[in-house]
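# Reading the structure
Listed below, chain by chain, are the residues.
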Amino acid sequence: MLAGAHINVQETYPVLVALRSWKQHVSGKWLTVCADTTTTVSVINKGTSRTTQTMYWLREMFWPSAFNNFHRTAR
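Read on for a plain summary of the structure.

Cut-offs applied
- Positions within a chain are numbered from 1, following the residues in the order the chain's sequence is written.
- Given that this is a predicted model, residues contribute local features only at a pLDDT of at least 70 and side-chain atom pairs are listed and counted only at 80 or more, while totals for whole chains, interfaces and linings are drawn from all residues.
- Computation of side-chain values: all heavy atoms of the structure, hydrogens and water removed.
- Any residue with an atom within 4 Å of a point lines the site, the site being either a cavity, points on a 1 Å grid over the protein atoms alone where a 1.4 Å probe fits but cannot get out, or a pocket, an open set with protein on both sides within 12 Å along at least 5 of 7 lines.
- Grid points are joined across faces, edges and corners, and a volume is the space filled by probe spheres set on the points.
- Under the DSSP-based scheme used, a helix requires at least four consecutive residues in state H or I and a strand at least two consecutive residues in state E, with every element numbered from the N terminus.
- Gly counts as polar in this scheme, as do all residues outside two lists: the nonpolar Ala, Val, Leu, Ile, Met, Phe, Trp, Tyr, Cys and Pro, and the charged Asp, Glu, Lys and Arg.

## Brief notes about the layout of surface pockets
Regions of empty space are outlined by a rolling probe, equal in size to a water molecule, passed over the atoms. Counted as a void, the largest pocket has a volume near 180 Å³. Around the largest pocket, the lining residues are Asn8, Val9, Thr39, Ser42, Val43, Lys46, Thr48, Ser49, Arg50, Thr51 and Thr54. Secondary structure elements with two or more residues in the lining of the largest pocket: helix H1 (7-22) and helix H2 (38-46). Among the elements that take part in the lining of the largest pocket, H2 stands out by supplying four residues, more than any other. When the residues that make up the lining of the largest pocket are grouped by side-chain class, the tally is two nonpolar, seven polar and two charged.

Structural measurements only, silent on function.
Put into structure tokens, the structure is as follows:
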């Protein structure tokens, strides 16, 4: 699935997986995600991307943060 994807897409996916796994445990917290590329940081912080798949994942990241009351930023 991710083998042929751009590196920015590949770096966004693990953030989604982590939020899916830990959403109940981070309620009321502020999460800081560390990423290698400035594009990935920008995508996570702004919540928008030109890539359809990344936008789908960003929406999936939004809802757990809204329902479980936590914030995420990237550096």
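Resuming the write-up.
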